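Summary of the model geometry
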Amino acid sequence: FSTVKDTMALVTAESLKSELEMFDVPCTDDSVLDTMVELCICSRIQADEMLLEWVAYSTTKNGLKLSADTLEQFKHEVLNKKSKSKQSFRKDESHNRTRDIHSLQDLIKAEEEEDNLLDSYSTPAKGPQKRALTTPEHPHSKRSTALLASPGLLLSPASFSPSATPSQKYSQRGGKGEVVVTFGAVQGTRWVGRRSAGAGVQLELLEGCEDSLRSSYKFMFQRLRDVRNVLTEKIEELGESLKSHFSIEEFSPVSLPAQDSIKVLGQVCCDSNGKLNAHSVLLEAGPEQGGHQVPVDLSELKEYSLFPGQVVVMEGMNTTGRKLMASKLRLSFHAVAEPMNVLVACGPYTTSDTLTFDPLLDLISIIVRDRPDVCLLTPCAARCQQFLIEIHQSVRDIHHHYIFPQPPFTLPNLSKDQRVTLVPDPCTLLIDGVTFGLTSTDILFHMGAEEISCGTGSDRFSRILKHILTQRSYYPLYPPVEEVNMDYEKFQSFGQMPLTPDVLIIPSELRYFVKDVVGCICVNPGRLTKGQVGGTYGRLLVQRSASSQDVKRVSPCLAAQVVKV
């Protein structure tokens, strides 16, 4: 996806056609134009540069005519060699580059920030903890070590929960039923379902622009231009909302020199394949604003919080057309939509050293005892009118295609039970008038590793959650981390938030929490198991509030807890 990131929306068939006419190169075949667009994206060059290369090549070949065959020949003889020479130059440049004391200090500071980030997410451990020393010669950051490890180690809870010692068995765990997080007025709350046996719960899957994702689909066939189109539409859609919300008449092109302050719309990206920092921020505009990238100077901003893929409006000066001096940052805003007891749990539902599913059986015992009105198990949802009959594993288990967005499980026998609803990941549900957003992808951890901020406070969880809600996407990070197999065509239809949910269920390897963010109750219930030991689950008491004319959102969540299984 990095090639798309550098040239997204810069080249279109129309721009190539106009360039061809300017150079008096005849071409009437649309498929040739489409091929040239893809070559521009893959080779990371713009339309005018492509045409200059072609004219030079054609001249050496005695006026070679433009066609699909000659374009393929041009690709192998010119573009491929050009790409290899660029890569070789970059490699030599990186090896020969010397670092001064300031750049070394920046590297050390960046590593310390990553270590502090992961330390702040960890569950406090009992007893003293020794911390490995790092030096500029051996900067072993926690994030780089985790990313180099296998996917299983990356998602291992032991990396973030020092108290979960591998030697402790699930059957020997302590603190069963201990409440570790509380939210709202929990005193005197009875955590049992309040509906009579057989009383129905209305559950509806909110559909997007097309029919809901209900069946499997072919993936790994997406073209680069399709990814570009999805990202372009995201910029344009949020841009229209921002323009209306902040009463902006028109956005200026990002690369147009201007002596006055301008307002520009674009997507945040990094100037390399490394981690985003305050000196590597680029703003990439959509095609309506020229489709160019411009470096951004953030030194005049007192506070900011940015991540790759974020759509923002920046106000500032760009006197040369080569760098934007940002003076104001405008982010997206959220779109506004008898008590019910909801139980929330996230897999895996068995420990790593056995397949007896004891944790699952214990969870079923809790469900039978408390009889919640609704039981949400990522990624499937079940309405507990009497009690839950069957439950199936987490999306992280191996019996389903690992693709995002992910269609619901195909389980014909279970689907016949009207109390059980199998839903895709991600999805937005309407349950008795209360909207729930659900995803089992650990976007919280992914964004935590990529976000940069200044002067925005220490509550990083709330800041990242606000980004997710205001970007109106279940996965706003671009490019995604390598472990996320993203299908952008389906993501455009099924990975967006149609509205800001009342409750967002966002399981993560990071520490469990319940937070109120812009009127949405965000819950990380933790994992039901952590390696060989027991984990946690969540429970909420929600009640649909009467419609109000007040502008401020009022959460329907009366109380919530995270409890040890």
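Conventions used here
Residues numbered from 1 in each chain as written. Predicted model: local features only at pLDDT ≥ 70, side-chain atom pairs only at ≥ 80, totals over all residues. Heavy atoms only, no water. UniProt positions renumbered as here; feature names shortened; annotations may be inferred. Helix = DSSP H or I, 4+ residues; strand = E, 2+ residues; numbered from the N terminus. Buried < 20%, exposed > 50% of the residue type's maximum accessible area, 1.4 Å probe, protein only. Core = buried A, V, L, I, M, F, W, Y, C linked by side-chain atoms within 4.5 Å. Contact = heavy atoms within 4.5 Å. Expected span 1.5 Å × (residues − 1). Phe/Tyr/Trp six-rings, centres within 6.5 Å; stacked < 30°, edge-to-face > 60°. Lys NZ or Arg CZ within 6 Å of the ring centre and 35° of its normal. Pairing = 2+ DSSP bridges. Salt bridge = Lys/Arg side-chain N within 4 Å of Asp/Glu carboxyl O. pLDDT = per-residue confidence, 0-100. Axes fitted to C-alpha atoms, helices over the stretch in contact; angles between N-to-C directions. Arc of directions from axis to C-beta.

- The protein appears in an unreviewed UniProt entry as DNA polymerase alpha subunit B from Scophthalmus maximus.
- The UniProt entry for the protein carries this comment under Sequence similarities (unreviewed entry): "Belongs to the DNA polymerase alpha subunit B family."
- Listed under Subcellular location (unreviewed entry) in UniProt, the entry text for the protein is "Nucleus".

**Points about the overall build of the protein**
- Helix and strand content of the protein: 14 helices and 22 strands.
- Expressed as a percentage of the 565 residues in the protein, the buried residues total 49%.

**Some words on the nonpolar core**
- Among the nonpolar cores identified, the biggest contains 31 residues, and L465, Y475, Y488, L504 and C522 are the most heavily contacted of them.
- Counting only elements with at least two residues in this core, the list comes to α9 (224-245), α12 (443-450), α13 (460-470), α14 (488-494), β17 (513-517) and β18 (520-524).
- Once residues lying within four places of it in the same chain are set aside, the contact partners of Y475 are F404, T441, I443, H446, P480, V481, V484, M486, F491 and G495.
- One finds V201, L203, V542 and C557 within the second-largest nonpolar core, a separate group that totals 28 residues.

**Digging into helix α3 (residues 30-43)**
- Between its terminal C-alpha atoms α3 stretches 20 Å, which fits the 20 Å expected from 14 residues at 1.5 Å a residue.
- When we look at burial in α3, the residues that qualify are V32, L33, M36, V37, L39, C40, I41 and S43.
- Following α3 by one or two positions, R44 adopts a phi angle in the positive range, close to 60 degrees.

**A look at the packing of aromatic side chains**
- This structure, assessed with the given rule, holds eight aromatic pairs.
- Pairing W54 with Y57 gives two aromatic rings, centres 5.9 Å apart and planes at 45 degrees, and the pair type is tilted. One end of the pair is W54 and the other is Y57, both in helix α4 (residues 47-60) and three residues apart, which spans about a single turn.
- Classification of Y57 as buried rests on a relative accessible area of 6%.
- Ring geometry for Y478 against Y488: centres 5.9 Å apart, planes inclined by 75 degrees, an arrangement best described as edge-to-face. Residue Y478 is found in the loop between α13 and α14, and its partner Y488 is found in helix α14; the two are separated by ten residues along the sequence. As far as the burial class goes, Y478 and Y488 line up, both buried.
- One aromatic cluster is present, formed by F404, Y475, Y478, Y488 and F491 through successive ring pairs.
- Its guanidinium or amino end placed over the ring of Y170, R173 lies 3.9 Å from that ring's centre, counting from NZ or CZ.

**Here we look at the pairing of strand β14 (residues 434-438)**
- For β14, a buried count of five out of five residues is recorded, marking the element as mostly surrounded by other parts of the structure.
- Every second residue of β14 is oriented toward a common face, with V434, F436 and L438 on one face and T435 and G437 on the other, all of them buried.
- Where β14 meets strand β16 (residues 503-505), three bridges bridge the pair, whose relative direction is parallel. Each residue of the ladder has a partner; that of F436, found in β16, is V503.

**Focus on the environment of E49**
- Its place among the elements puts E49 in helix α4.
- Sequence separation between E49 and E19 is 30 residues, and the spatial gap between their C-alpha atoms is 9.8 Å.

**Observations regarding the environment of E249**
- Relative to the helices and strands, E249 is located in the loop between α9 and β3 (258-270).
- Between the C-alpha atom of E249 and that of K263, which follows or precedes it by 14 residues, the distance is 9.6 Å.

**Describing the pattern of salt bridges**
- Within the structure shown, the criterion is met by 14 salt bridges.
- Residues R225 and D34 are paired through a salt bridge, measuring 3.7 Å at the closest nitrogen-oxygen approach. Taken together, the residues span a long stretch of sequence, with R225 in helix α9 and D34 in helix α3 at a distance of 191 residues.
- With a relative accessible area of 15%, R225 lands in the buried category.
- Of the residues examined, D34 reaches a relative accessible area of 29% and is grouped as partly exposed.
- K564 serves as the salt-bridge partner of E178, at 3.5 Å between the closest nitrogen and oxygen.
- Overlapping salt bridges, with partners in common, bring together D34, E38 and R225 in one network.

**Re the confidence of the model for the protein**
- Of all residues in the protein, 73% have pLDDT values of 70 or greater, and the mean over the chain is 77.
- Contacts from residues 1-9, a stretch scored under 50 in pLDDT, to residues over four places away or in other chains number 46 contacts.
- Here residues 125-167 scores under 50 on pLDDT; set against residues more than four positions off or in separate chains, the count is 49 contacts.

**A few points about the sheet that holds strand β8 (residues 324-330)**
- Pairing is mixed in the closed barrel, where five strands are placed in the order β3-β4-β5-β8-β7. The average undirected angle you get between the axes of adjacent strands in this sheet is 55 degrees.
- As defined by bridge partners, strand β4 (residues 281-284) adjoins strand β5 (residues 293-297) across three bridges and the pair is classed as antiparallel. Within β5, the residue paired with E284 across the bridge is Q293.
- On top of the sheet, α9 reaches β3, β4 and β7 (311-318); it is set at about 135 degrees to β3, its chief contact.

**With respect to the pairing of β4**
- Burial of β4 is two-sided: the residues V281 and L283 facing one way and the residues L282 and E284 facing the other way are all buried.
- In this structure, β3 lies alongside β4, joined through four bridges in antiparallel fashion. Following the sheet pairing, C270 is matched in β4 by V281.

**Re helix α10 (residues 358-370)**
- Under the 1.5 Å per step criterion, the end-to-end length of α10 is 18 Å for 13 residues, consistent within 8% with the ideal 18 Å.
- Among the residues of α10, P359, L360, L363, I366, I367 and D370 are the ones counted as buried. The buried residues of α10 occupy one face: seen down the axis, they fall within an arc of 115 degrees.
- Of the residues flanking the end of α10, it is R371, one or two places downstream, whose phi is positive at about 50 degrees.

**Notes on unusual backbone geometry**
- Here D425 and P426 are connected by a cis peptide whose omega angle stands at 0 degrees.
- Residue placement: P426 occurs in the loop between β12 (420-422) and β13 (427-431).
- Omega for the bond connecting Y478 with P479 falls within 30 degrees of zero, at -5 degrees, which places this linkage in the cis form.
- Position of P479 among the secondary structure elements: in the loop between α13 and α14.
- Unlike most non-glycine residues, S247 shows phi in positive territory, near 55 degrees.

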